[in-house]
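Analysis of the macromolecular model
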Amino acid sequence: VAGIAGVVTTVESDLGPVVAGFGRALVHSQRTVVETWADAHAGLCRARSGVDNPDPQPVFNTDRSKCLVLFGECFGYEQKKAELAATGSRFERQNDDAEFCLALVEQEGERGLAALSGSYCIAHYDSRKRELMLVSDRLGTRPLFYAATANGWLVFGTQIAALLQVPGVVSTLEPRAVVEFCALQRVLGSKTYHQGVHILPPASVLRWCDGKLSITP
């Protein structure tokens, strides 16, 4: 088991320890490799323990103003990759899904990801705009959770345990989720069993910029 996690904030903060905490929460075996990055407004973490996408993450664009982490894998993009290369994208890795997705976002934005096939969730951060974009695959096969804190942070991760490393995210039971599960054997909408923690719906894009959050299908 591996995953990704991250945080963004409008106020300059020391996010290194926060991201390190994400890494500790995502580790479940001695074979797990944790990779982190942080600046004063954002931090990203990836933990991996398998053979999928073994190259380091986050991946960065040429001027390192944009970066991306990916959990899972993408399929059948060889032709699209060739098209991106023909129009200026540079690929330094043999078969790296994250590098391809970063090039795709740079050239086509979120609409380029709409046709992407695979089982994945993606976090993309633009340090110039200070904008975070979270993307789930068509079926939501890789759950991605998020929560907003009272101090203006947005935290996310593929495991709720990572979010709970942040003091502003508390492990309080959401009674509506319990009622829905008992009645319907499922939890409706984006709520989870933790108050204030939501799950990104399948085939959705979450954007966060200047403290404002929006979700589009």
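Residues numbered from 1 in each chain as written. Predicted model: local features only at pLDDT ≥ 70, side-chain atom pairs only at ≥ 80, totals over all residues. Heavy atoms only, no water.

1. So, the pairing of strand β1 (residues 3–8)
Residues in a regular strand point their side chains to alternate faces of the sheet. Put simply, the test is: Each residue is assigned to one of three classes by its accessible area relative to the maximum for its type, calculated with a 1.4 Å probe on protein chains only: buried under 20%, partly exposed between the two thresholds, exposed over 50%. Numbering of helices and strands runs from the N terminus; a helix is a DSSP stretch of H or I covering at least four residues, while a strand is a stretch of E covering at least two. Should DSSP find at least two bridges between two strands, the strands are regarded as paired.
Across the six residues that make up β1, a large majority, six, are buried. Of the two faces of β1, the one lined by Gly3, Ala5 and Val7 and the one lined by Ile4, Gly6 and Val8 are each fully buried. For β1 and strand β3 (residues 42–48), the ladder comprises six bridges, and the chain directions are antiparallel. By the bridge assignment, Gly3 is partnered in β3 with Ala47. Of the pairings in the sheet, the one linking β1 to strand β9 (residues 154–157) comprises four bridges and is antiparallel in character. Opposite Val8, over in β9, you have Leu154 as the bridge partner.

2. Examining the nonpolar core
Put simply, the rule is: Among the buried residues, those of types Ala, Val, Leu, Ile, Met, Phe, Trp, Tyr and Cys that are joined through side-chain atoms within 4.5 Å form a nonpolar core. A contact between two residues is defined here by any heavy atoms of the two lying within 4.5 Å.
In this structure, Leu132, Leu134 and Phe156 are the most contacted members of the largest nonpolar core, which totals 21 residues. Elements represented by at least two residues in this core include exactly β1, β3, β5 (66–75), β6 (117–126), β7 (131–136), β9 and β11 (205–209). Beyond its immediate chain neighbours, meaning those up to four positions away, Leu134 contacts Ile122, Ala123, Leu144, Phe156, Leu200, Ser204, Val205 and Leu206.

3. Points about the packing of helix α2 (residues 78–86) against helix α3 (residues 97–108)
Cut-off, in case you're wondering: Axes here mean lines fitted to C-alpha atoms, for a helix over just the part in contact, with angles spanning 0 to 180 degrees between N-to-C directions. Comment on the angle field: the value is read as roughly parallel under 35 degrees, roughly antiparallel over 145, roughly perpendicular from 65 to 115, and oblique elsewhere. Crossing handedness is defined as follows: a turn of the near helix away from the far one that is anticlockwise and smaller than a right angle gives a left-handed crossing, while the clockwise case is right-handed.
Remark: α2 packs on α3, axes separated minimally by 10 Å, with the N-to-C direction vectors making an angle of 55°. Compared by their axis directions, α2 and α3 come out oblique. Relative to α3, the crossing made by α2 is left-handed. Between α2 and α3, the contacting residues are Lys80, Lys81 and Leu84 on the first element and Phe100, Ala103, Leu104, Gln107 and Glu108 on the second.

Note that all results are geometric; they support no functional claim without further evidence.
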